[in-house]
Amino acid sequence: MLRRAVFFFLALATLAALIEGQQQRAKRTRGSSRTHERRARHKPAKPPVASFVTDSGGRELIVRLLDIGQGDATYIRNGSSRVIIDGGPDTVAFGRYLDSLNLNNSTIDVVILSHQHLDHYGGLQELFKTTRHIRVRSFFENKDPSAAVTLAELRDSILSRMDRDSLIYRDTDDPCSNGRPICTIAMTGGAKLHIMAPFPSGDGANNRSTAVKLIGPDSASFTMWLAGDAEREEIGWFETAGYARNPGMRVNVLKADHHGSCNGVTPRYLALTDPQWVVASLGTGNGYGHMHTQAKKIYRGARVPWYRTDQNGTITIRTPGTVGGGFTITPEHAGTSLDGPSDRVSHQPGCATGAR
Ligand SMILES: [Zn+2]
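Residues numbered from 1 in each chain as written. Predicted model: local features only at pLDDT ≥ 70, side-chain atom pairs only at ≥ 80, totals over all residues.

(A) Spotlight on the sheet that holds strand 6 (residues 168-171). Read from one edge to the other, the open sheet built from eight strands follows the order 6-5-4-3-2-1-14-15, with strand pairing classed as mixed. Because the sheet does not close on itself, it has two edges, and the strands there are strand 6 and strand 15 (328-331). Between one strand axis and the next, the sheet turns through 15 degrees on average, direction left out of account. Across five bridges, the pairing between strand 1 (residues 61-65) and strand 2 (residues 73-78) is antiparallel. Bridge assignment links L65 to a residue of strand 2, and that residue is T74. (Pairing = 2+ DSSP bridges. Helix = DSSP H or I, 4+ residues; strand = E, 2+ residues; numbered from the N terminus. Axes fitted to C-alpha atoms, helices over the stretch in contact; angles between N-to-C directions.)

(B) Summary view of helix 4 (residues 149-165). Taking 1.5 Å per residue as the helical rise, helix 4 with its 17 residues ought to reach 24 Å, and the 24 Å between its terminal C-alpha atoms agrees with that figure. Looking at the packing, one finds that the buried side of helix 4 touches helix 3 (118-121), strand 5 (135-141) and strand 6. Phi turns positive, to about 55 degrees, at S166, one or two residues after helix 4. (Expected span 1.5 Å × (residues − 1). Contact = placed C-beta atoms within 7 Å.)

(C) Quick peek at the environment of R82. In this structure, R82 sits in strand 3 (residues 81-87). Take R82: there are 23 C-beta atoms within 10 Å of it, and that puts it in the buried class. Note: C-alpha distance between R82 and V110 (28 residues apart in sequence) is 6.8 Å. Discounting residues that sit within four places of it in the chain, R82 has contacts with R77, S106, T107, I108 and D109. (Buried ≥ 20, exposed ≤ 12 C-beta atoms within 10 Å, placed from the backbone.)

(D) Main features of the sheet that holds strand 10 (residues 223-226). Strand order in the open sheet made by the seven strands is 7-8-9-10-11-12-13, with mixed pairing throughout. In this open sheet, the two edge strands, each paired with only one partner strand, are strand 7 (182-186) and strand 13 (306-308). With direction set aside, neighbouring strand axes in the sheet form an average angle of 15 degrees. Bridge count between strand 9 (residues 211-215) and strand 10: four bridges; the pairing is antiparallel. Paired with L214 across the two strands is M224, which belongs to strand 10.

(E) Quick peek at the environment of A334. Within the fold, A334 resides in the segment after strand 15. Accessibility expressed as a C-beta count within 10 Å gives 11 for A334, which makes it exposed. Remark: the alpha-carbon pair of A334 and Y307, spanning 27 residues in sequence, is separated by 9.1 Å.

(F) Main features of helix 8 (residues 293-301). Of all the residues in helix 8, the buried ones are Q294, A295, K296, I298 and Y299. In this structure, the buried side of helix 8 is in contact with helix 7 (267-273), strand 12 (277-280) and strand 13. At the exit of helix 8 stands R303, carrying a positive phi of roughly 55 degrees.

(G) Focus on unusual backbone geometry. Cis geometry marks the peptide bond from N246 to P247; its omega dihedral reads 15 degrees. Its location among the elements puts P247 in helix 6 (residues 244-248). A cis amide bond links H290 with the next residue in sequence, M291, at an omega value of 0 degrees. Phi angles above zero are rare outside glycine, and H258 is one such case at about 55 degrees. Relative to the assigned elements, H258 resides in the loop between strand 11 (253-255) and helix 7. What makes H258 buried here is the crowd of 27 C-beta atoms within 10 Å.

(H) How the structure looks around the pairing of strand 9. For strand 9, the buried fraction is high: five of the five residues fall into the buried class. Two strands pair when backbone bridges link them, and strand 8 (residues 192-196) and strand 9 are joined in this way by five bridges, in the antiparallel orientation. By the bridge assignment for strand 9, L193 is matched with L214.

So, to be careful, I would describe these as geometric facts and stop short of saying anything about function.
Okay, structure coming up:
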């Protein structure tokens, strides 16, 4: 009799739990559909891409050239290591990517500011917003003097995290604090990052850009070169500095220097980097005329196709990290070698004659 009563009670409790579970699931579904409705009504200009949340550990290396507007922002993931190079022009756009990349409550191992222009550092302040609970282990920048208030604010945030959170603040002119021009960072999935000292006497902020070479876990499968907004002056200096020999400039993918400006590429630079693909980060309808007609002429002359964030959206590169695994490059919006509505011939000195 007692056993039957216990059994009856257990059956009843199970049924109640099942019903409650169903009700909660239904509530969650209703809740999320209400959230979707809310999001649909207040839809951001560029909604986050849901597939970003699949970035997860292992040997796979994922590089995302984010569609950040007129600026640069790159997110790199390998194993449990996370790297950000530049944060685009503003905190709103960059913050949206921090959300969609699931980076709140996480640790970013390395942040690199390529150089001191707002379209590269503007969004980085968002990393230090206390409500995001993001820990930054190390921050690299050239520390050149600057009158920009927003850069001073960013530097204040970095300094306060040095005190509070043991952040390591490195000067790209001596990136490993050992007097050597190249600092190599190992990511946990086997990828490597070479951070190179910029042209010491580069004229203007662009020519003080730090070059970074990313090497996949299988170096024969994937390498990439990113050099901020380096112009012809610094691009030529990279070779003088010996970077073509060490760490080597030949790569699979080249990020177009200076948003596809004509002063961000030379035939010699393309010969040295010898990329299969170029990726350019620039804003729709930008006022600079990027991508410049002359730059596209040089890329076309070398038979290198390109993707561009203003036309293709975020560009994602993946390599599995296995021997011979190769790499894939996938734009958010299809179409290759696209021209954009803002593209113009530049009349600045050194570019007027186009490909030389
Ligand atoms: Zn720029």
